[in-house]
Amino acid sequence: MKYILAFVFTCSAYLLTFAQESPIAGFLDGKSVILISASQAVEPVLTWQDIAIEVHDALVEAGGDPIAYYELEDVTLTEANQRAYAEVFAKRLVKNLVVITRKSNGDFHIHIAPFSQNLTMIRPGQGLSAQAENIASFKSQIRSLTANQTSRNFLVLDVPEFPTPPTGAGGGTATYLAQTPLNLNVFKLGVMLTGVSGDEGFLNTFRQDLLGKSPQQREAEQLAERQGLERIFEEIYPFEVAFLTESRTNQQLIQDRVQFILMRIEGREADIMKNMGVPVPSDRDTNRIVIKFYIKLLVRNELYIGQEWDAAPDWQDALVNFLRQITP
């Protein structure tokens, strides 16, 4: 009974009408892509593929047409990845995205929203969400989402499909170099202070380690990050830094002697290492979520990651590690 009551409350809290069509109406009449983020810190351990296999029948019984399953962390790993996936979804005439998250406390969360047809994938304020405490009640809630409404989806897949990542995901044409860029002492290093914001970063908020954080929590973290960045650069980096608070074109930056931009990537360590062409060690756990800093040279599409692997779960540790190996 508590799951039914929780479901009714959650649906009434999250269901929004938009663009002349509710998310459930779109779900019942169009292709859906399923993105899954699964914590590995809870028992029983379920991979994202395990969850896909578990929920596929429930999604079909609810009237959906799930044509493909992907891991959320891979889709959002880099902007190049997200753009490549968005282009494939648009070509396949995908109408909806379904994001499923299993958090570290074992709870399952589902969010159904219309596909934006561009890089943002889904937009804030659009969609239907529900959650449950275990996989059995979660599947039951999925089946109940459409409240016996008629589906126009026919000839749907009997089993989940896991397509190969699209061409262009995994870094695009950029070249990752395991070395330090030259002339850091001559040109400015641009450092963004605004953090990830806007619709482009919304999809990432459904990641298993981020879901549920309030806007106030995210704002506080961004403020702490800004203060931490300024402190670390003052202590470690001996060259000139340009802290950037607004978007500027490459030409504007170069005219201001900003030849380099500090970049960061956050995701599962093994995925980041593969993306950057770094061998993945087999003697330690590389499934942890880490931050890796690197430098982009604006005049050429080159990305400098340093000679030693220095990613860390804490962004301040990761930044200190990186700056120490690229400065004298």
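Cut-off values and rules
- Residues numbered from 1 in each chain as written.
- Predicted model: local features only at pLDDT ≥ 70, side-chain atom pairs only at ≥ 80, totals over all residues.
- Heavy atoms only, no water.
- Helix = DSSP H or I, 4+ residues; strand = E, 2+ residues; numbered from the N terminus.
- Buried < 20%, exposed > 50% of the residue type's maximum accessible area, 1.4 Å probe, protein only.
- Axes fitted to C-alpha atoms, helices over the stretch in contact; angles between N-to-C directions.
- Parallel < 35°, antiparallel > 145°, perpendicular 65-115°, else oblique.
- Left-handed = near helix turned anticlockwise from the far one by under 90°.
- Contact = heavy atoms within 4.5 Å.
- Nonpolar A, V, L, I, M, F, W, Y, C, P; charged D, E, K, R; others polar.
- Pairing = 2+ DSSP bridges.
- Phe/Tyr/Trp six-rings, centres within 6.5 Å; stacked < 30°, edge-to-face > 60°.
- Lys NZ or Arg CZ within 6 Å of the ring centre and 35° of its normal.
- Polar contact = N/O pair within 3.5 Å; in protein donor to acceptor, adjacent residues only side chain to side chain.

A. Representation of unusual backbone geometry in the model. The peptide bond linking E43 to P44 adopts the cis configuration, its omega dihedral lying at -10°. By the element assignment, P44 lies in the loop between β1 (31-38) and α3 (48-61). With a phi angle near 60°, L93 is a residue other than glycine that sits in the positive phi range. The exposure class of L93 is exposed, given its relative accessible area of 64%. Phi is positive for Q117, which is not a glycine, with a value near 70°.

B. Inspection of the packing of α3 against helix α6 (residues 135-144) at higher detail. Viewed as axis vectors pointing N to C, α3 and α6 meet at an angle of 20°, and their least axial separation amounts to 8 Å. As summarised for this structure, α3 and α6 are arranged roughly parallel, according to the angle between their axes. Once α3 is placed against α6, the crossing between them reads as right-handed. Across from E54, V55, A58, L59 and E61 in α3, the residues of α6 making contact are I135, F138, K139, I142 and R143. Its residues assigned to classes, the contact of α3 with α6 shows six nonpolar, no polar and four charged.

C. Quick peek at the sheet that holds strand β3 (residues 94-102). On the basis of which strands lie adjacent, the open sheet formed by five strands has the order β2-β1-β3-β4-β5 and mixed pairing. Edge positions in the sheet fall to β2 (65-71) and β5 (128-132), since each of these pairs with one other strand and no more. For this sheet, the mean angle separating the axes of adjacent strands, direction not counted, is 20°. Both strand β4 (residues 108-114) and β5 contribute to a ladder of five bridges, which runs antiparallel. Paired with F108 across the strands is A132, a residue of β5.

D. Structural context of the packing of aromatic side chains. Per the stated rule, a full pass over the model turns up 12 aromatic pairs. Here Y69 and F162 contribute two aromatic rings whose centre-to-centre distance is 6.1 Å and whose plane-to-plane angle is 55°, an arrangement assigned as tilted. Of this pair, Y69 sits in strand β2 while F162 sits in the loop between α6 and β6 (175-177), and the two are 93 residues apart along the sequence. When the ring of Y176 is compared with that of Y294, the centres are 5.9 Å apart and the planes differ by 70°; the resulting orientation is edge-to-face. Residue Y176 is found in strand β6, and its partner Y294 is found in strand β10 (residues 289-297); the two are separated by 118 residues along the sequence. Taking relative accessible area as the criterion, Y176 reaches 17% and is therefore assigned buried. On the basis of relative accessible area, Y294 is assigned to the buried category, the value being 7%. Among the aromatic residues, those joined into a cluster by ring pairs are Y70, Y85, F89 and F115. The ring of W309 carries the charged tip of K292 above its face, separated from the ring centre by 5.8 Å.

E. Broad picture of the sheet that holds β10. The sheet built from six strands is open, its strands ordered β6-β11-β10-β9-β7-β8 with mixed pairing. Looking at which strands have only one partner, the edges of the open sheet turn out to be β6 and β8 (241-244). Here the strands of the sheet are splayed against their neighbours by 35° on average, with no regard to which way each runs. By the bridge criterion, nine bridges tie strand β9 (residues 258-268) to β10 in an arrangement that is antiparallel. The partner of I261 across the bridge, within β10, is K296. The strands touched by helix α10 (residues 315-326) within the sheet are β9, β10 and β11 (302-304), with β10 carrying the most contacts at an inclination of about 40°.

F. Highlighting the environment of E266. Here E266 lies in strand β9. The exposure class assigned to E266 is partly exposed, which follows from its relative accessible area of 28%. With 49 residues separating them along the chain, E266 and W315 place their C-alpha atoms 9.1 Å apart. Excluding residues that lie within four positions of it along the chain, E266 makes contacts with L77, R207, D209, I272, I289, V290 and I291. Looking at E266, its side chain comes within polar contact range of the side chain of R207, at 2.9 Å.

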